[in-house]
Amino acid sequence: MKVYSSAECDINLLVKTLRTREGTARPDVAGTVADIINTVREKGDKALFEFTERFDGVSVKSLEVGREQIKKAFESLEPELAAAIEKACENITAFHQKQRENSWFESFDNGIFVGQKITPLERVGVYVPGGTAPLPSSVLMNVIPAKVAGVSEVIMCTPPGRNGMPSPVILACAYLTGVDRVFSVGGAQAVAAMAYGTETIPRVDKITGPGNIYVATAKKMVYGVCDIDMIAGPSEILVIADEYANPAYVAADLLSQAEHDVLASAIFITNSENLIRNVMTEMDRQLRKLSRKEIITKSTENYGAAVLVESIEEAVKLSNLIAPEHLELMVKDPFSLLGSIKNAGAIFLGEYAPEPLGDYMAGPNHILPTNGTARFSSPLSVNDFVKKSSVISYSEKALKSIYKDIIRFAETEGLDAHANSVRIRFEGENK
Ligand code: NAD
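Because the structure is a prediction, the values reported are computed rather than measured.

Rules of the game
- Residues numbered from 1 in each chain as written.
- Predicted model: local features only at pLDDT ≥ 70, side-chain atom pairs only at ≥ 80, totals over all residues.
- Heavy atoms only, no water.
- Helix = DSSP H or I, 4+ residues; strand = E, 2+ residues; numbered from the N terminus.
- Buried < 20%, exposed > 50% of the residue type's maximum accessible area, 1.4 Å probe, protein only.
- Contact = heavy atoms within 4.5 Å.
- Areas by Shrake-Rupley, 256 points an atom, 1.4 Å probe, with all protein chains shown as cover.
- Lys, Arg positive; Asp, Glu negative; His and termini not counted.
- Charge placed at Lys NZ, Arg CZ, Asp CG, Glu CD.
- UniProt positions renumbered as here; feature names shortened; annotations may be inferred.
- Patch = residues over 30% accessible without salt bridge, like charges linked within 9 Å, V, L, I, M, F, W, Y side chains within 5 Å.
- Salt bridge = Lys/Arg side-chain N within 4 Å of Asp/Glu carboxyl O.
- Near = heavy atom within 4 Å.
- Polar contact = N/O pair within 3.5 Å; in protein donor to acceptor, adjacent residues only side chain to side chain.
- Nonpolar A, V, L, I, M, F, W, Y, C, P; charged D, E, K, R; others polar.
- Domains from an automatic or database assignment.
- Pairing = 2+ DSSP bridges.
- Axes fitted to C-alpha atoms, helices over the stretch in contact; angles between N-to-C directions.
- Expected span 1.5 Å × (residues − 1).
- Arc of directions from axis to C-beta.

A. How the structure looks around the overall build of the protein chain. Broken down by element type, the protein chain carries 18 helices and 15 strands. Principal-axis analysis of the C-alpha atoms places the extent of the protein chain at approximately 85 × 60 × 45 Å. When the 431 residues of the protein chain are sorted by exposure, 50% land in the buried category. For the protein chain, long-range pairs separated by at least 24 residues make up 73% of all intrachain contacts whose partners lie at least 6 apart in sequence. Accessible surface computed for the protein chain: about 20,700 Å², of which carbon and sulfur atoms make up 52%. If you average the places of the 45 positive and of the 55 negative side-chain charges in the protein chain, the two averages end up 4 Å apart.

B. Just the UniProt feature "binding site: substrate" (unreviewed entry) in the protein chain, in detail. In the numbering used here, UniProt assigns the feature "binding site: substrate" (unreviewed entry) to S235, Q257, H260, H326, D359, E413 and H418. Judged by maximum C-alpha separation, these annotated positions cover 184 residues in sequence and are scattered in space, the widest gap reaching 55.9 Å. Mapped onto the secondary structure, Q257 falls in helix α10 (residues 247–258). Excluding residues that lie within four positions of it along the chain, Q257 makes contacts with S235, E236, I237, A264, H326, E355 and D359. Residue position: E413 is located in the loop between α17 (403–412) and α18 (416–426). Residue classification places E413 among the exposed positions, given a relative accessible area of 55%.

C. Looking closely at a nonpolar patch on the surface. On the surface, I392, Y394, I402 and I406 cluster together into a nonpolar patch covering about 350 Å² of accessible area. Its location among the elements puts I402 in the loop between α16 (396–400) and α17.

D. Inspection of the site of the ligand at higher detail. The environment of the ligand is formed by 29 residues, the closest being D56, Y127, T132, N212 and D261. The contact in question runs from a nitrogen atom of the ligand to an N or O atom on the backbone of G233, over 3.2 Å. Protein chains shield 89% of the accessible area of the ligand, which is 870 Å² for the free molecule. Looking at side-chain class alone, the shell around the ligand contains 13 nonpolar, 13 polar and 3 charged residues.

E. Molecular detail of the domain arrangement of the protein chain. One can read the domain layout of the protein chain as domain 1 (2–22 + 234–363), domain 2 (27–228) and domain 3 (395–430). Each of domain 1 and domain 3 has a C-alpha centre, and these two points are 59 Å apart.

F. Fine view of the sheet that holds strand β14 (residues 346–349). Reading across the sheet, the 6 strands line up as β1-β12-β11-β10-β13-β14 and stay open at both edges, with parallel pairing between neighbours. Looking at which strands have only one partner, the edges of the open sheet turn out to be β1 (2–5) and β14. Within the sheet, the average angular offset between the axes of one strand and its neighbour, ignoring direction, is 20°. Where strand β10 (residues 236–241) meets strand β11 (residues 265–270), 6 bridges bridge the pair, whose relative direction is parallel. By the bridge assignment, E236 is partnered in β11 with S265. Lying over the sheet, helix α1 (residues 8–19) contacts β1, β11 and β12 (305–308), oriented at roughly 135° with respect to β1.

G. Main features of the pattern of salt bridges. Evaluation of the coordinates by the stated rule reveals 16 salt bridges. Where E50 meets K43, a salt bridge forms, and the shortest distance between an N and an O atom there is 3.1 Å. A relative accessible area of 37% means that E50 is categorised as partly exposed. One salt-bridge network, held together by shared partners, links K43, K46 and E50.

H. Up close: the side chain of D384. Tracing the sequence through the fold places D384 in the loop between α15 (355–360) and β15 (386–394). Since its relative accessible area comes to 14%, D384 is described here as buried. Within the local environment of D384, its side chain forms a polar contact with the backbone nitrogen of S381, the two atoms lying 2.9 Å apart. Every residue in contact with D384, bar those within four places of it in the chain, is listed here: L121, K206, D229 and P379.

I. Quick look at the environment of I92. Tracing the sequence through the fold places I92 in helix α5 (residues 79–97). Put simply, I92 and A264 are 172 residues apart on the chain and 25 Å apart in space, counted from C-alpha to C-alpha.

J. Here's a closer look at unusual backbone geometry. Not every positive phi belongs to a glycine, and A323 is a case in point at roughly 55°. Looking at the element boundaries, A323 is found in the loop between α13 (312–322) and β13 (326–330). Looking at A323, the relative accessible area reads 0%, which means it is buried.

K. Local environment of α1. With 12 residues, α1 extends 17 Å between its outermost C-alpha atoms, agreeing within 8% with the 16 Å of an ideal straight helix rising 1.5 Å per residue. Within the span of α1, buried status applies to D10, I11, L14, V15 and L18. Down the axis of α1, the sector holding all buried residues measures 130°, keeping them to one side. Away from the buried face of α1 by more than 90 degrees, exposed residues E8, C9 and K16 are located. Against the buried residues of α1 lie β1, β11, α12 (293–303), β12 and α13.

Structural data, given as structure tokens:
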């Protein structure tokens, strides 16, 4: 892990390094993904079988997982894990129900009626990562908000394991959350299939869910053919800590995100030189016992950073510039900083709110904007699964009271037919 100072050149270098994690910034990834998308468009299912063999190292017999297999996976779930998943479902459902927005309509005495009608999306495709580690929690985080929103059909794509089938716990979560169809295909090819449709996989209105650099880049490339939620790429954590922070907790939380992906980023900003030393020692000690130490070593070498700043205010300023996916505030009074945090996907306050609490059980969504996109993007929510239509109705009297203003606007814009559409109702056609 590199140590940076708060000098401007150091900060610029850090931010520049972090941004290179974006797929479209890497021509090799962008080229590969564009080829995959074009091949899936041309060859459909045949391309999916071929890419699965090439990238996942298995040859699958069928792309779709049967209903019986999905049910069986649920029934064979170990009872304690089933109970934990059910508890998580309850918390996630309760949190997301609060996000529901209703249609609204307003009518006035003079015959004016306006409003906003909310309609759930028809068919949504969720991507559940399964490459380096199957993420059943991502099933819950994708599907529960879609169901709360009232989406009619939710399909799911997730990569096959060595036996050609998705992980049983992913299938069990799909059963529990009511996913309609599950397909055993991952990566950019799964995104392309859901965006354009193949013989087996139906095209969807929107693709949601996190994934590695290939998945995130593919989602960006198909945006416009269908909608996407956000760019939820390789994970990130940024911890702001002062001298009161427990170095063992800071180290453990940094490692917890660094283990996701060699492109994951774990950053730690503090005003205490002592803490930097202690956190580094703790990270080395804890790393030795972790099973994914190779991934962690690579990600912390490439995208890990400890930054020494003059003050916690400066730490907040830098964090806002980086706009991390997960931000932990490990300072004496974390609530006092909340108002000054402008850019972060999820904010964890205090030493008993470690990031994995948000990954599984707390209720908020763990599908979060990465790579600086928290500047303008939000966590996945019920709002991602609905669309809004404006509603307008005017009486004759109400329209008459403003029709001349409309004609003025239309003529200023040179749009005769617009003017005529209003004039014809009160004065006859345009002369
Ligand atoms: P994944 O399912 O995203 O990717 C696996 C697929 O990548 C494979 O099926 C394969 O098709 C494709 N692939 C692998 N190597 C390839 C290559 N060389 N060329 C083309 N395609 C290739 O699973 P993963 O790799 O474990 O990644 C999961 C990612 O999701 C991690 O980066 C993790 O940090 C991220 N994540 C993000 C969030 C968030 O909210 N931002 C949440 C959870 C997980």
